[in-house]
Amino acid sequence: MDIVSLFMQGLSVALQPSNLMFAFIGSVIGTLVGVLPGVGPVAGIAILLPLTYGMTPEGALIMLAAIYYGTMYGGTITSVLMNVPGEAASVVTTLDGYQMARQGRAGAALSIAAIGSFIGGTGATIGIVFLAAPLTKFSIDFGPPEFFATILVGFSLLVTLAGDSLRKGLLSSLFGLALTLPGLDPISGIPRLNFGVPELLDGIGFIPILMGLFGISEVLLNVEARQQSLLGAKISSLNLTRDDIRRSAMPVIRGSVLGFVVGVIPGLGAATASFLSYSLEKRVSWEPQRFGHGAIEGVAGPESANNAGANAALLPLLTLGIPGSATVALIMGAFLVHGITPGPFLFQEHSQLVWTLIASMVIGNVILLILNLPLVGLWARFLLIPYPILFTLILVFTIIGTYSIDSSIFDVGIMLVFSVVGYVLRKLNFPLAPVALTLVLGPQFETSLGQSLVLSDGDFTIFFRSAISTTLIVVALLAVLLPLAKPLTRRLARLRGRDSEV
Amino acid sequence: MSNTNAMRCALVVLALFGAYLVFAGLQLRYYMRTGPGPGFFPVWIGGLLALSSLATFGASLRDAVDRVPFIGTRDAVLRVGTVLLGLVLVVVLLETLGFRLAVLLFALTVPWVFGQQNPLLLIVFAVLVSFGTAYVFQAWLGVWLPSSSLPVLAALGL
């Protein structure tokens, strides 16, 4: 039976009332979980997994998958309205989405995020339908050297995230990398830099750091400026203008494709996809100086990418039985609880279940768009709440979100420390985006480097033995050198011009 | 303190942090037969951080001094300090008084200090934010929030 027929069969099962209800419930819960800072998809799925034991396998998996990609929609809301990223994949959205909100354009930001998320998520699902087989082979070819090279590409993008000062961007990046060092060495397992504190054996959690750096530091800056309301301007029309749509179209398409490719590779994740997309959009833009000041492209691309990445991340689970993230690992747990083993034989042994799940992802994205677009106006009016009330709410939710990760007051203390660090860095015009990028990618960078060298017995040429890693390393080098070459060539041209005058 | 002095202090702190990472990394194995040891990354990242910080510090000595105060006015310092103090107290009291009471006190006092002085609105808001959110998170979402470690309060379900 061909792929289209299998998909249509799955769609007919997914459209049954009970399965539609599970998709709806999962979408609503996922959005709520995404809105709550710190209560990420891992917590949401972990909390609800036991409730699915008594459900049919289709119902359970449809609901859990909907929670998973629903959190990507919800995480955007707090990023745009409060500068508090709902989870790591939404960090990038704070850079321009929040600035749009300050300019009275929260509605436009949330609208394009919802539409971009829908297109990215649905596109990725269609990609899964048609590209499962060849992409499975592609992802099998990804080993530690290829991971390392991909993350190197991610780091090369720091040049574009550095803003006006490359020196400060470099310091921010190194600071973020330094924060990933405490804990256990990923290869040898030896504790390092944990100062004898047991809580640091797991490293410094990046959620408390991000909440402090981005969320609470924003509150401190606004309080210092005696902000009465988060709005610097009146709320403009909630609709997207023709100019918004024109500017967003290509970023949405590029973000969707990029997010899908990145998401398929186990371990890279939606956060990586969103960072790569932001940097790509900034590079190809005719007006890169607009980024960081409310450029709608800075929301459209990353939001499409993170949803495409989240949906695509289910592909290695279904085809290879490899969960690419903690959240997908929990979904894998749901499979196993129902006696189903994801992997190469899943499509043969449980064909109807798999195609029903894939079809439900299209339905789930439609439900999320329908849920979120009409609520954009409601969310935007949230900004009209008097700021002392609003920031108290924000602070309470960040405390809950941080505490609930591990029921640890230590994490809340970390968040508090980094709120001061973030406040100071922002006052001194250090860019925070590089801190977030290196914080998220740093552990994978170190792990993949170590694993590659273990495989090659310490031989660094392993990174040049495959076409994929070689190509990616060359891309990374060009990405760093080209922007640095521009001012240099201009300077040389000026000097040559002066010499010829003499 | 001016912005320039604040920047230089921050750079010194970063440089010292970097130097510490190098020192700590050198106490561990730098390289093993199969690849980087646990000390490899701390040495490199710490070293680069320290050198970059010192280079930027050196550059700041040549730049024009920015005499704009780091925090503009005494009032601004007090506002920021008040929020931070409130947060510190919540963190310190969270497991002693329990989530509900600690957040109730926080949600009553902070908005009041910042000008929201309608008592009815404040009480309703504080109760919703403390008891209301605790109920939603614990009863609906199954997210455990800390109860009081004081027997008297714990007996009251706080």
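Quick caveat, the model's predicted, so the values are computed rather than measured.

Visitor: How would you summarise the packing of aromatic side chains if you had to cite specific residues and measurements?
Guide: Scanning the entire structure with this criterion turns up 13 aromatic pairs over all chains. Consider the rings of F445 of chain A and F41 of chain B, whose centres lie 6.0 Å apart with planes at 85°: the pair is edge-to-face. In this pair, F445 of chain A sits in helix α20 (residues 433-455) while F41 of chain B sits in helix α2 (residues 40-62), so the two residues belong to two different chains. Here F445 of chain A falls in the buried class, since its relative accessible area comes to 12%. When its relative accessible area of 8% is taken as the criterion, F41 of chain B is described as buried. Taken together, F148, F445, F460 and F463 of chain A together with Y30, Y31, F40, F41 and W44 of chain B form an aromatic cluster joined through their ring pairs. For K168 of chain A, the ring lying beneath its charged end belongs to F430 of chain A, and the centroid distance is 5.6 Å.

Visitor: Talk me through helix α10 (residues 206-224) of chain A; I want residue IDs and the actual numbers.
Guide: Residue and element names in this part refer to chain A. Here α10 is 19 residues long and its end C-alpha atoms lie 26 Å apart, about the 27 Å a rise of 1.5 Å per residue gives. Remark: the principal bend of α10, roughly 35°, maps to G212. One or two positions beyond α10, positive phi appears at R226, with a value near 55°.

Visitor: Can you tell me about the pattern of salt bridges, naming the residues and giving the values?
Guide: Residue and element names in this part refer to chain A. All chains considered together, the criterion is met by 14 salt bridges over all chains. The shortest N-O distance in the salt bridge between E446 and R192 comes to 2.8 Å. Taken as a pair, E446 in helix α20 and R192 in strand β2 (residues 191-192) lie far apart in primary sequence, 254 residues in all. We note that E446, like R192, is buried. A single salt-bridge network, built from bridges that share partners, covers D243, R246, R247, E287, R290 and E297.

Visitor: If you had to explain the environment of G259 of chain A to someone new, which residues and values would you point to?
Guide: All names here are of chain A. Inspection of the secondary structure assignment puts G259 in helix α11 (residues 242-264). Taking relative accessible area as the criterion, G259 reaches 0% and is therefore assigned buried. Residues G259 and M415 lie 156 residues apart in sequence; the distance between their C-alpha atoms is 29 Å. Non-local contacts of G259, meaning those with residues more than four positions away in its chain, are made with A273, A305, A308 and G309.

The rules behind each value
Residues numbered from 1 in each chain as written. Chains lettered and ligands numbered in written order. Predicted model: local features only at pLDDT ≥ 70, side-chain atom pairs only at ≥ 80, totals over all residues. Heavy atoms only, no water. Phe/Tyr/Trp six-rings, centres within 6.5 Å; stacked < 30°, edge-to-face > 60°. Helix = DSSP H or I, 4+ residues; strand = E, 2+ residues; numbered from the N terminus. Buried < 20%, exposed > 50% of the residue type's maximum accessible area, 1.4 Å probe, protein only. Lys NZ or Arg CZ within 6 Å of the ring centre and 35° of its normal. Expected span 1.5 Å × (residues − 1). Bend = angle between axes of the 7 residues up to and from the residue. Salt bridge = Lys/Arg side-chain N within 4 Å of Asp/Glu carboxyl O. Contact = heavy atoms within 4.5 Å.

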